[in-house]
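Single-letter residue listing:
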Amino acid sequence: MKFDEFLLEALRRARRVAVLTGAGISAESGIPTFREAQTGLWAQYDPQELATPQAFRRNPRLVWEWYAWRRQLVTQAEPNPGHLALTALAGFVPQLTLITQNVDGLHQRAGSAGVIELHGNLTRYICFDRRHPVSAWAETDEVPPRCPLCGSRLRPDVVWFGESLPAEALRQAATAARSCDLFLSVGTSALVQPAASLPLEARQQGAMVVEVNPKETLLTPYVSVYVAGRAGEVLPALLRAAWPSAAENGLPG
Ligand code: OAD
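Residues numbered from 1 in each chain as written. Predicted model: local features only at pLDDT ≥ 70, side-chain atom pairs only at ≥ 80, totals over all residues. Heavy atoms only, no water.

Caption draft 1: Fine view of the site of the ligand. Not every one of the 23 residues close to the ligand is listed here, only the nearest: Glu28, Arg35, Thr188, Ser189 and Asn213. Contacts to the ligand include Ala231, whose backbone N or O atom sits 2.9 Å from a nitrogen atom. Protein contact buries 94% of the 790 Å² of open area that the ligand shows by itself. (Near = heavy atom within 4 Å. Polar contact = N/O pair within 3.5 Å; in protein donor to acceptor, adjacent residues only side chain to side chain. Areas by Shrake-Rupley, 256 points an atom, 1.4 Å probe, with all protein chains shown as cover.)

The structure is reproduced here in structure tokens:
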């Protein structure tokens, strides 16, 4: 894979790098993305229609089971070379902020520290009415189970459509976007706000914005460099090209 010297030099010179990832980075780990064809059991459901508080009110069991299915996929999945390359990137640049819209925890399992989770994590639970964090509950026949503190139904600790993002995570992400000199957008359709505006804010502040995605997105016309390809192939190749000695440092792929 060949990269512009201009991009490699910008990467080597960058002091602060911010990375935003979306479902595409986990696609090569076998986790379905949101807006591409779903396969299997849940093919008939539109994820957009299951990821809302209204859907949960209407059919809590369906939503709970959909997340249980996704959690099982995630548990069986392994981080791929894309995740691992971003973990390695933290060792090559002075400051790296990794921001993800994913709820699968694969960046953390790949060894990345300080990951900013904009949309929560499906391995954590809260209750629907009062958002009590819950890690254990009495098993009964009821699905979803109930909060041990207040008796309301449990749900995954993820952000649904129509809900606010965790304020502190969003603040940290916005600060990183505004202060970085290179912003990397990986595997996101760049359709869901406010995450989608982070690369634009970075660009406005003069950062170089690089997009990695096999397909062009709404963001593509605004980026400095668009790299067409899969994250698990492009990211390790990019690191090896920018830091040729990286190959000896155990870069994946
Ligand atoms: P989408 O499903 O909208 O987009 C996935 C993107 O990944 C697409 O642009 C694909 O072209 C790209 N892609 C696919 N395979 C790839 C690969 N191997 N390498 C790199 N890119 C690849 O997922 P998101 O942009 O993450 O929010 O969606 C954003 C948010 O919408 C999600 O966090 C979720 C969803 O509804 C909530 O649930 C709140």
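Caption draft 2: Local environment of helix H1 (residues 5-13). Within H1, burial applies to Leu7, Leu8, Ala10 and Leu11. Projection of H1 onto a plane perpendicular to its axis shows the buried side chains occupying an angular sector of 160°, all on one side. Elements that come into contact with the buried residues of H1 comprise strand E7 (182-186), strand E8 (208-212), strand E9 (225-227) and helix H10 (231-242). (Buried < 20%, exposed > 50% of the residue type's maximum accessible area, 1.4 Å probe, protein only. Helix = DSSP H or I, 4+ residues; strand = E, 2+ residues; numbered from the N terminus. Arc of directions from axis to C-beta. Contact = heavy atoms within 4.5 Å.)

Caption draft 3: Structural detail: the environment of His83. Tracing the backbone shows His83 in helix H6 (residues 81-89). In this structure, the C-alpha to C-alpha distance between His83 and Val19, residues 64 residues apart in sequence, is 11 Å. Among residues more than four places away in sequence, those in contact with His83 are Ile25, Ser26, Ser29, Leu106, His107 and Ala110.

Caption draft 4: Up close: the sheet that holds E8. Pairing is parallel in the open sheet, where six strands are placed in the order E3-E2-E1-E7-E8-E9. Of all strands in the sheet, those bounded by a partner on one side alone are strand E3 (116-117) and E9. With six bridges joining them, strand E1 (residues 16-21) and strand E2 (residues 95-100) adopt parallel strand pairing. Bridging from a neighbouring strand, Thr21 pairs with Thr100 of E2. (Pairing = 2+ DSSP bridges.)

Caption draft 5: Focus on the side chain of Arg155. Tracing the backbone shows Arg155 in strand E6 (residues 154-158). In terms of polar contacts, Arg155 uses its side chain to reach the backbone carbonyl oxygen of Val158, at 2.6 Å. Apart from residues lying up to four places away in sequence, Arg155 is in contact with Phe56, Trp64, Arg124, Tyr125, Ile126, Cys127, Phe128, Arg131, Trp160 and Glu163.

Caption draft 6: Here's a closer look at the pairing of strand E4 (residues 120-127). A large share of E4 lies buried, amounting to six of its eight residues. Note: E4 against strand E5 (residues 133-134), two bridges, orientation antiparallel. Residue pairing across strands places Tyr125 opposite Val134, the latter belonging to E5. Joining the antiparallel neighbours E4 and E5 is a turn of five residues, in which Arg131 adopts a positive phi near 55°.

Caption draft 7: A look at the packing of H6 against H10. It is at 7 Å that the axes of H6 and H10 come closest, and there the two elements cross at 30°. In terms of orientation, H6 lies roughly parallel with respect to H10. In this structure, the crossing between H6 and H10 has a hand that is left-handed. Contacts between H6 and H10 involve Pro81, Gly82, Ala85, Leu86, Ala88 and Leu89 on the former and, on the latter, Ala231, Gly232, Leu235, Pro236 and Leu239. Of the residues belonging to the contact of H6 with H10, the class tally is nine nonpolar, two polar and no charged. (Axes fitted to C-alpha atoms, helices over the stretch in contact; angles between N-to-C directions. Parallel < 35°, antiparallel > 145°, perpendicular 65-115°, else oblique. Left-handed = near helix turned anticlockwise from the far one by under 90°. Nonpolar A, V, L, I, M, F, W, Y, C, P; charged D, E, K, R; others polar.)

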